[in-house]
Amino acid sequence: MNTLFGMSHTATLLIWTLIAIAFLIVMISKFKWNPFVTLLISAIGLGLLAGMKPADAVTSITKGLGGTLGTIAIVIGLGTMLGKMMAESGGAERIATTLIDLFGDRKVHWAMLIVGFLVGIPVFFEVGVILLIPIVFIVARKIKMPLLQIGIPMLAGLSVVHGLVPPHPAPMIAIDAYGANLGKTILYSIIIGLPVAILAGPVFGKFIGQRIQVEPDPKLVDQFAMKEQRKLPGFGITLFTILLPVILMLIGSVASIFDPDAKYGITVFCEFIGHEVVALLIAVVFSFFSLGFARGFTKEEVSKFASDSLPPIAGIVLIIGGGGAFKQVLIDSGVGQAIAELATNANINVILFAWLVAALIRVATGSATVAMTTSAGIVAPVLAMTPGANLELVVLATGAGSLVLSHVNDAGFWMVKEFFNMSVPQTLKSWTVMETILSVAGLILILIVSAFV
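Just so you know, the residues in each chain are numbered from 1, in the order the chain's sequence is written. In keeping with the model being predicted, local features are shown solely for residues with a pLDDT of at least 70 and side-chain atom pairs are shown and tallied solely at 80 or more, while totals for entire chains, interfaces and linings include all residues. With hydrogens and water stripped out, all remaining heavy atoms of the structure feed into the side-chain values.

Colleague: Which residues make up the overall build of the chain, and what values go with them?
Modeller: For the purposes of this entry, the term helix denotes a DSSP run of H or I that reaches at least four residues, the term strand denotes a run of E that reaches at least two, and both are numbered from the N terminus. Broken down by element type, the chain carries 21 helices and 0 strands. Over its C-alpha atoms the chain spans a radius of gyration of 22 Å, differing by no more than 12% from the 22 Å that the globule rule assigns to 453 residues. With the C-alpha coordinates aligned to their principal axes, the bounding extent of the chain is approximately 70 × 50 × 45 Å. The 453 residues of the chain split such that 57% are buried. Contacts were defined at the residue level, with two residues in contact if any of their heavy atoms lie within 4.5 Å. Contacts spanning at least 24 positions in sequence make up 79% of the contacts within the chain whose residues lie at least 6 apart. Here the Shrake-Rupley method, with its probe set to 1.4 Å, supplies the accessible areas, and only the displayed protein chains count as covering residues. Of the accessible surface of the chain, which amounts to about 18,100 Å², a share of 68% is contributed by carbon and sulfur atoms. We treat Lys and Arg as the positive residues and Asp and Glu as the negative residues; His and chain ends play no part in the count. A charged residue contributes its charge at one atom only: NZ of Lys, CZ of Arg, CG of Asp or CD of Glu. Averaging the positions of the 26 positive and the 24 negative side-chain charges in the chain gives two centres separated by 9 Å. What the globule rule says is 2.2 Å times the number of residues to the power 0.38, and the radius of gyration is computed from C-alpha atoms. The buried label applies to any residue whose accessible area, calculated with a 1.4 Å probe on protein chains only, is under 20% of its type's maximum; exposed applies above 50%, and partly exposed to all values in between.

Colleague: Explain the nonpolar core to me, and be specific about the residues and the numbers.
Modeller: The set of buried Ala, Val, Leu, Ile, Met, Phe, Trp, Tyr and Cys residues whose side-chain atoms join them within 4.5 Å is what this entry labels a nonpolar core. One finds Ile135, Leu155, Phe326, Phe419, Phe420 and Met434 to be the most contacted residues of the largest nonpolar core, which totals 142 residues. When residues in this core are grouped by element, the largest group, 14 residues, is from helix α6 (residues 125-143). Those residues in contact with Met434 that sit more than four places away from it in its chain are Ile152, Leu155, Ala156, Ser159, Ala200 and Phe204.

Colleague: If you had to explain the packing of aromatic side chains to someone new, which residues and values would you point to?
Modeller: Two rings belonging to Phe, Tyr or Trp (six-membered ring only in the last case) form a pair when the distance between their centres is within 6.5 Å. Interplanar angles under 30 degrees mark stacking, angles over 60 mark edge-to-face geometry, and anything in between is tilted. Summed over the entire model, instances satisfying the criterion amount to 5 aromatic pairs. Taking 5.0 Å as the distance between ring centres and 90° as the angle between the ring planes, the aromatic pair formed by Phe297 and Phe305 counts as edge-to-face. Phe305 shares its class with Phe297; the two are buried. Between Phe413 and Trp414, the ring centres sit 5.3 Å apart and the planes meet at 80°, which makes this aromatic pair edge-to-face.

Colleague: Residues and numbers for a nonpolar patch on the surface, please.
Modeller: On the surface, Leu102, Phe103, Trp110, Ile114, Leu118, Ile198, Leu199 and Val203 cluster together into a nonpolar patch covering about 700 Å² of accessible area. Those elements that place two or more of their residues in the nonpolar patch are α4 (91-103), α5 (108-120) and α9 (182-209). Mapped onto the secondary structure, Ile198 falls in helix α9. On the basis of relative accessible area, Ile198 is assigned to the partly exposed category, the value being 30%. The patch calculation keeps residues exceeding 30% relative accessible area without a salt bridge and links them within 9 Å when they carry like charges or within 5 Å when they are nonpolar (Val, Leu, Ile, Met, Phe, Trp, Tyr). Any Lys or Arg side-chain nitrogen located within 4 Å of an Asp or Glu carboxyl oxygen qualifies as a salt bridge.

Colleague: Can you tell me about the environment of Phe269, naming the residues and giving the values?
Modeller: Residue position: Phe269 is located in helix α12 (residues 265-274). In this structure Phe269 comes out as partly exposed when scored by relative accessible area, which is 47%. Taking the C-alpha atoms as reference, Phe269 lies 24 Å from Leu131; in sequence the two are 138 residues apart.

Colleague: Please provide a residue-by-residue account of the pattern of salt bridges, values included.
Modeller: Side-chain pairs of opposite charge can arise where the charged atoms are in close proximity. According to the stated counting rule, one finds 7 salt bridges in the structure shown. Linking Arg362 and Asp410 is a salt bridge whose minimum nitrogen-to-oxygen distance equals 3.3 Å. Placement of the pair is Arg362 in helix α17 (residues 350-365) and Asp410 in the loop between α19 (391-401) and α20 (411-419), with a sequence separation of 48 residues. With a relative accessible area of 9%, Asp410 lands in the buried category. The salt bridge involving Glu418 is made with Lys417; its shortest N-O contact spans 3.0 Å. Three or more residues are tied together by salt bridges with common partners; here these are Arg362, Asp410 and Glu435.

Colleague: Would you mind going over the environment of Ile313 in detail, with residue names and values included?
Modeller: With respect to the helices, strands and loops of the structure, Ile313 is situated in the loop between α14 (299-308) and α15 (314-332). When its relative accessible area of 5% is taken as the criterion, Ile313 is described as buried. Measuring from C-alpha to C-alpha, the distance between Ile313 and Lys144 comes to 25 Å, with 169 residues separating the pair along the chain. Contact partners of Ile313, with chain neighbours within four places excluded, come to Ile76, Gly77 and Thr80.

Keep in mind that these numbers describe shape and distance, not what the molecule does.
Listed below in structure tokens is the structure:
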């Protein structure tokens, strides 16, 4: 790659990245270009500007798109079917009604934070969004509360556990790399995660919900609305159905913690049923019975519900794939590595260093998991040379950094944008700010805790 105006290779890479991201934002928000097409153009442009061979840039894009959608496309498809079954049976309505009764209309957004936090512990962020979005839509419609005031707390609960709380894969990788204690990390993650989620969720959600008024796509809402008045299913069976994938994934996670080498057959079985694809598949089939046949629907109706749930999510799936393609070009072109090298030269507090490395890689690549895993490899050698550092808090600092400033290269950004029917600027003002509050408040709290432990 030719350097720009005699600048270093790293500086040139960063400038091309900033130009590509600026192009992406302007074309989508100002000129209303299709996000999927614009993401692909930006990815190809950045790859070529960064010095990749044309064929390599295309390979990177297909690899990124395929890699991102490999699991997520199945997860979104199955999760949407589960959501559809909850909607048609009145299950989502039952959960929404029960939460409103328990917390009252004015405090239901606190209920959404708790639900997001609990459901998010063993579940990937994307799975949690798919499972909970029907409830957000129904609660908002029933109590006439701004959509973001209910949605942001749910997203904050899911996101904070994604970045901080084991057994999520990213924190587990950092725990292994740093040699941290799993039990202590879980304890600290809850002590730090809950206050941070409250600040970024109900507190910020109330503020932004009154300033950004959005309505979900009617087609999507229609999918999650009950078509005819019928007796609602019981709260217990509905809750069990929606939590079944969560329970199965938790079983898989616990089994792999107690038997990491999978020496026993029961561990292999638990890890199999705990894989998000298998867990969701089991839950969807179970929902056909618990929320379908048991509610008096015919097999033709249940089959139709499953088929009807898929067309509205086609655009969402492609846009998420486009975000994955852009992310892969950033990684393959060396931008992530350039940022890591830049951060390594700084001489700062190891907790701040871990947060900064993860934050820079997150901003560059768009993936919290990539940021966490890449940072673990960079921070571990520095940590080895820092005697007396609290390893568990460094794990959490890495996790907090991996959440910062989610923007156009993050598949989660596009998922939230599409489900909440927001423009790019609205998503930046709500979702991006929420993620940044989680990250920065998390860092501040980690630094405070580090003064006492």
